[in-house]
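Secondary and tertiary structure notes
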Amino acid sequence: MKNKDDNGTGSGGDEGGDENKLIAERRAKLAELRRAAGPGGAFPNDFRRDALAGELQAAYGERSGEWLEANPTRVQVGGRLMFKRVMGKASFAKIADRTGQIQLYLQQETLGPAYEAFRGWDVGDIIGGAGLLFRTRTGELSVRADQLRLLVKSLRPLPDKWHGLADTETRYRRRYVDLIVSETSREVFRTRSRIVRYLRDFLDALGFLEVETPMMQPIPGGATARPFRTHHNALDLDMYLRIAPELYLKRLIVGGLDRVYEINRNFRNEGLSTQHNPEFTMLELYLAWSDYRDIMDWVEKATRGLADTLNGTLELTYQGRRYDLAQPFPRVTVEQAIIDNNPGIDPLSLRDLTYLRKRCDQLGIAYHPDDGPGKLQIELFEKTAEAKLLDPTFVYAYPVEVSPLSRPNDADPFVADRFEFFIAGREIANGFSELNDPEDQAARFRAQVARKEKGDEEAMFYDADYVRALEYGMPPTGGLGVGIDRLVMFFTDSPSIRDVILFPHMRPEA
RNA sequence: GGGGCGUUAGCUCAGUCGGUAGAGCAUCGGACUUUUAAUCCGCUGGUCGACGGUUCGAUUCCGUCACGCCCCA
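Below or above, wherever it landed, is the structure these notes cover. Just so it is clear, the model here is predicted, and its values are computed rather than measured. Numbering of residues starts from 1 in each chain and follows the order in which that chain's sequence is written. Labels follow written order: the first chain is A, the first ligand is 1, and so on. Local features in this predicted model are restricted to residues whose pLDDT is 70 or higher, and side-chain atom pairs enter the listing and the counts only when it is 80 or higher, whereas totals over whole chains, interfaces and linings include all residues. Side-chain measures here rest on the full set of heavy atoms in the structure, leaving out hydrogens and waters.

**Re the environment of P72**
The following threshold applies: Strands are runs of DSSP state E lasting at least two residues, helices are runs of H or I lasting at least four, and both sets are numbered from the N terminus onward.
Inspection of the secondary structure puts P72 in the loop between α3 (65-70) and β1 (74-87). For the pair P72 and L133, spaced 61 residues apart in sequence, the C-alpha to C-alpha distance is 7.1 Å.

Next up, the structure:
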């Protein structure tokens, strides 16, 4: 690029080939800083803060100018320069730290050479300053700086201070810029953290043990999904990134830990969408001596508790629609949900393969010749009912055919004691009474393997060690998986999963 | 994989019925000692996503590709 020869550092950080005049100007300023720098160089690390902007606003935001004058409070603050207004021999600067922003008032007669230097600093630079708190004529709490230092020279200009960063691609690819300029985005990730902490606290209070199970697995299990493959060189062993931790967590139930959970990443080698990222965060928990109804109760309680803890209310808005979590969450069967959303369907033929195929054909749903009535029911459900489940709703009684790890229902062996939980038309959680009959589990695995051999890449592998674990005896257990990303989407009013993942999966930049 | 939309200055966006482009903010220079998207004056800044085609001439029309967003499978 044409600016490469402006100074001796022109080749640094130029991988993107996006050098321009603005960056060149800043590089020149940095070069001058390097020349003039004393001990500590151009990137000193001897400045420390004794106050944070947000805490100062909280502590002194209500104090009058007179009070501040009568009670001199000297503070040392630092952060990123977010705007500067130079008015001749005095200037205003606002700096941002992790807690908020605070304004500095800078005067030439007080600061001398540092003031002259400041005139050349740029928005985005990281600076430190110290002085007494006061209130400006217009009433803004500010620091009358008597010390001022440039700590880090920023070489790249920030987005427009008013419009911010609107380009979604840049927001995702350069999340650091998004976080610098968008309080909304920062708040999403703070909320995400609070959600995870709430769930941990909730489970810890119930005596759950948080555990970590393998991410790299020789046999990927616990879900029907295509895995990512990898290879262990020393063992010359093909391995898979986990699609779920389920089978390991249930081994721990066999081991007697009784109440375990894990919050961590799963990996599924599938497409991307507003609701799918190849790696996503799941909470899985297993509670011995419980069944799927207990788990539903837990989900309902935790969802409400989460809303109350985050917002202090059970009402919230997601994408313009009002949600009232105080209402009991309805519980409907899969078949009832199909009936409710398919006018004219024959309720007595919902397990009739020929009839279901005909309905699927009418709706343009593709299916495999080996799909049985249970699989076709789920196809129908997903096509016609799922998106309409806006208010929090439990759908239960999933066909055993599509629930290879779930316990069959005692009264109706066509279905399993399994539910899924929906909000805003999206699956948020999936839970069931765990299948603890090792011989039934072995038969289910064999059926899955048969599907896989016929080309179903999502079908499960046979996990002999898991069957062996069940043969030692697993207590009656209820289990649950919660899609944390989707939960965060709901509680942060985010339309896309990319908005709640710091670094969402993207194609490499062109 | 299919369909739709998008890609123009650092950022946010206009625009060119085909004749190599503008605004606001930012930057740069100047004025200004309490500003709040500060104000005032002046100046810069672009391979119009990439590659081909049509054309005297393409940022504009056509095609292919790349990346992104949305919808569908």
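**Brief notes about the pairing of strand β11 (residues 279-288)**
Applied cut-off: Summary of the burial criterion: residues with accessible area below 20% of their type's maximum are buried, those above 50% are exposed, and those between are partly exposed, where the area comes from a 1.4 Å probe applied to protein chains only. Two strands qualify as a pair provided DSSP detects at least 2 bridges between them.
Burial within β11 is extensive, with nine of its 10 residues counted as buried. Relative to β11, strand β10 (residues 259-267) runs antiparallel, the two sharing nine bridges. By the bridge assignment, V260 is partnered in β11 with Y286. Sheet topology note: the β11/strand β18 (residues 477-483) ladder contains seven bridges and is antiparallel. Bridging from a neighbouring strand, L285 pairs with L480 of β18.

**Comments concerning the environment of A411**
Looking at the element boundaries, A411 is found in the loop between β15 (393-396) and β16 (418-423). Through-space distance from the C-alpha of A411 to that of H276 is 36 Å; in sequence the pair is 135 residues apart.

**As for helix α10 (residues 292-311)**
We apply this condition: Expected helix span is computed as 1.5 Å times (number of residues minus one).
Taking 1.5 Å per residue as the helical rise, α10 with its 20 residues ought to reach 28 Å, and the 28 Å between its terminal C-alpha atoms agrees with that figure. Along α10, the positions that sit buried rather than exposed are Y292, I295, M296, W298, V299, E300, A302, T303, G305, L306, A307 and L310. At the exit of α10 stands G312, carrying a positive phi of roughly 70°.

**Details of the nonpolar core**
Operational definition: Among buried residues, those of type Ala, Val, Leu, Ile, Met, Phe, Trp, Tyr and Cys that are joined through side-chain atoms within 4.5 Å constitute a nonpolar core.
One finds L283, L285, W298, F419, F421, L480 and F491 to be the most contacted residues of the largest nonpolar core, which totals 46 residues. Among the elements that line this core, the one with the most residues is α10, at nine residues. With 24 residues, the next largest nonpolar core counts A93, I102, V143 and L150 among its residues.

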